[in-house]
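Structural description and commentary
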Amino acid sequence: MRLIDTHTHLDFPDFDPDRRRLLDDAAARGVERMVVLGVYQANFQRVWDLVCGDRRLFAALGLHPVYLDQHRPEHLTQLRDWLERLRGDPRLCAVGEFGLDYYLPALDKAQQQALFEAQLQMACDFELPALLHVRRSHAQVIATLKRYKPARAGIIHAFAGSYEEAREYIKLGFKLGLGGAGTWPQALRLRKTLPRLPLECVVLETDSPDMAPVMFPGLRNSPEHLPEIAAALAELIGIDVQRLAEVSTHNASELFGW
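Here's what I pulled together on the structure shown here. This is a predicted model, so every value here is computed, not measured.

What counts as what
Residues numbered from 1 in each chain as written. Predicted model: local features only at pLDDT ≥ 70, side-chain atom pairs only at ≥ 80, totals over all residues. Heavy atoms only, no water. Helix = DSSP H or I, 4+ residues; strand = E, 2+ residues; numbered from the N terminus. Rg over C-alpha atoms; globule rule 2.2 N^0.38 Å. Buried < 20%, exposed > 50% of the residue type's maximum accessible area, 1.4 Å probe, protein only. Areas by Shrake-Rupley, 256 points an atom, 1.4 Å probe, with all protein chains shown as cover. Lys, Arg positive; Asp, Glu negative; His and termini not counted. Charge placed at Lys NZ, Arg CZ, Asp CG, Glu CD. Contact = heavy atoms within 4.5 Å. Patch = residues over 30% accessible without salt bridge, like charges linked within 9 Å, V, L, I, M, F, W, Y side chains within 5 Å. Salt bridge = Lys/Arg side-chain N within 4 Å of Asp/Glu carboxyl O. Axes fitted to C-alpha atoms, helices over the stretch in contact; angles between N-to-C directions. Parallel < 35°, antiparallel > 145°, perpendicular 65-115°, else oblique. Left-handed = near helix turned anticlockwise from the far one by under 90°. Nonpolar A, V, L, I, M, F, W, Y, C, P; charged D, E, K, R; others polar. 1 Å grid on protein atoms, 1.4 Å probe; cavity = no way out; pocket = protein on both sides within 12 Å on 5 of 7 lines; lining within 4 Å. Points joined across faces, edges and corners; volume = space filled by probe spheres on them. Phe/Tyr/Trp six-rings, centres within 6.5 Å; stacked < 30°, edge-to-face > 60°. Lys NZ or Arg CZ within 6 Å of the ring centre and 35° of its normal. Pairing = 2+ DSSP bridges.

Points about the overall build of the chain
Per the secondary structure count, the chain includes nine helices and eight strands. For 258 residues, the compact-globule formula gives about 18 Å, and the C-alpha radius of gyration of the chain, at 17 Å, lands near that figure. Expressed as lengths along the three principal axes of its C-alpha atoms, the size of the chain is roughly 45 × 40 × 35 Å. Within the chain, the fraction of its 258 residues that count as buried is 56%. Accessible area of the chain: about 10,900 Å², with a carbon and sulfur share of 51%. Considering the chain, the positive charge centre built from 30 side chains and the negative charge centre built from 34 side chains are found 4 Å apart.

Dropping the structure here:
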């Protein structure tokens, strides 16, 4: 079984004690490629150094809305400089993680929107996929995407919206990132939506070290867990896990140009 983890934070200190062992174990279990996403300016170099040291890893760089208070106007300039410098390098696969988070009330919506649009414009300018954080903000994200129409589209990370929202993203060319959230019984809406999703829009992810699946409650999530996540999601969708592995790997490879 060949798998791609389209969303990890393997640069986080959580993995410092055993990162090499973890990567080797994940690869032995069929996880052949993993995307590591930057979330603020200070970790861009760390992400890039990590990716340059392991051919199984690929980088995305972005400014995450949850870290809004840390971002400065010059960080957008520096992000553009990074994208310009790495233009054409196959190890850079996307812009992200960025987007809108309306769950946390302290995050100013107007500032988030400006940051979101600036990075979406960069994804368009550099013809890179956008890896999007969307939390309780689907309507605004969809409306913004309809204005910008990014040619390479991207992935809606940790998709947990309705079927109607899924359909809007699919119309815009986006893939839906599925991971540990759907394995939990309390994710009622998502679990009802999963069987209705067209397979050509699905990619798999872990969001390591976060969003642990139900079979590993309270533990650090890891790309090592992707086979179990895939098996649980395949059962919910109503297909064989091998089929989900094949189609999700194809979808991710097509999106990233691999």
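Quick notes on helix α6 (residues 163–171)
Along α6, the positions that sit buried rather than exposed are Y163, A166, E168 and Y169. Against the buried residues of α6 lie β5 (130–135), α5 (138–148), β6 (154–157), β7 (175–178) and α7 (188–193). Looking one or two residues beyond α6, the residue adopting positive phi is G173, at roughly 90°.

Here we look at a nonpolar patch on the surface
Taken together, V66, Y103 and L104 make up a surface patch of nonpolar side chains, about 220 Å² in accessible area. Residue Y103 is classed as partly exposed on the basis of its relative accessible area of 40%.

Things to note about the environment of F116
Topologically, F116 is positioned in helix α4 (residues 109–125). For the pair formed by F116 and A151, sequence separation is 35 residues and the distance between their alpha carbons is 17 Å.

Observations concerning the packing of α4 against α5
Put simply, α4 and α5 touch, their axes get as near as 11 Å, and they point 40° apart. Our classification of the angle between α4 and α5 gives oblique. Here the hand of the crossing between α4 and α5 comes out right-handed. Counting all contacts with α4, which are made through Q113, F116, E117, L120, Q121 and C124, the residues of α5 involved are Q140, V141, T144, L145, R147 and Y148. Broken down by class, the residue content of the contact of α4 with α5 amounts to six nonpolar, four polar and two charged.

What to know about the layout of surface pockets
Gaps between atoms show up when a probe of the same size as a water molecule is rolled over them. In this model, the largest pocket occupies a volume close to 560 Å³. Around the largest pocket, the lining is made up of 25 residues, and of these H133, R135, H157, A158 and M211 lie nearest the centre. Those elements that provide at least two residues to the lining of the largest pocket are β5 and α7. Looking at the lining of the largest pocket residue by residue, the classes come out as 13 nonpolar, six polar and six charged.

A look at the packing of aromatic side chains
The geometry of two aromatic rings is summed up by the distance between their centres and the angle between their planes. Scanning all chains against the criterion turns up six aromatic pairs. Their ring planes at 80° and their centres at 6.2 Å tell us that F44 and W82 sit as a pair that is edge-to-face. Of the two residues, F44 sits in helix α2 (residues 44–52) while W82 sits in helix α3 (residues 73–85), which places them 38 residues apart along the sequence. Across the pair, exposure class does not vary: F44 and W82 are buried alike. Between F98 and F116 the ring centres are 5.9 Å apart and the planes differ by 45°, which places this aromatic pair in the tilted class. One end of the pair, F98, is in strand β4 (residues 92–101); the other, F116, is in helix α4, and 18 residues separate them in sequence. You'll find F98 and F116 in the same group, each marked buried. The rings of F58, F256 and W258 are connected pair by pair, giving a single aromatic cluster. Sitting over the face of the ring of W82, R85 holds its NZ or CZ atom 4.4 Å from the ring centroid.

A look at the sheet that holds β6
Pairing in this open sheet of eight strands is parallel, and the strands run β1-β2-β3-β4-β5-β6-β7-β8 from one edge to the other. At either end of the open sheet lies a strand with only one pairing partner, and these are β1 (3–8) and β8 (202–204). Within this sheet the neighbouring strands show an average axis-to-axis angle of 30°, counted without direction. Pairing geometry for strand β3 (residues 57–61) and β4, over three bridges, is parallel. Its bridge partner being in β4, L61 is matched across the sheet by V95. Lying over the sheet, helix α9 (residues 241–256) contacts β1, β2 (31–37), β4, β5, β6, β7 and β8, oriented at roughly 95° with respect to β8.

Observations concerning empty space enclosed by the protein
Enumeration over the complete set of coordinates arrives at one cavity of 30 Å³ or more. Of the voids in this model, the largest cavity is the one considered here, and its volume is about 40 Å³. Taken together, A158, F159, G177, L178, G179, A181, G182, L190 and M211 make up the full set of residues lining the largest cavity. For the lining of the largest cavity, the class distribution of residues is six nonpolar, three polar and no charged.

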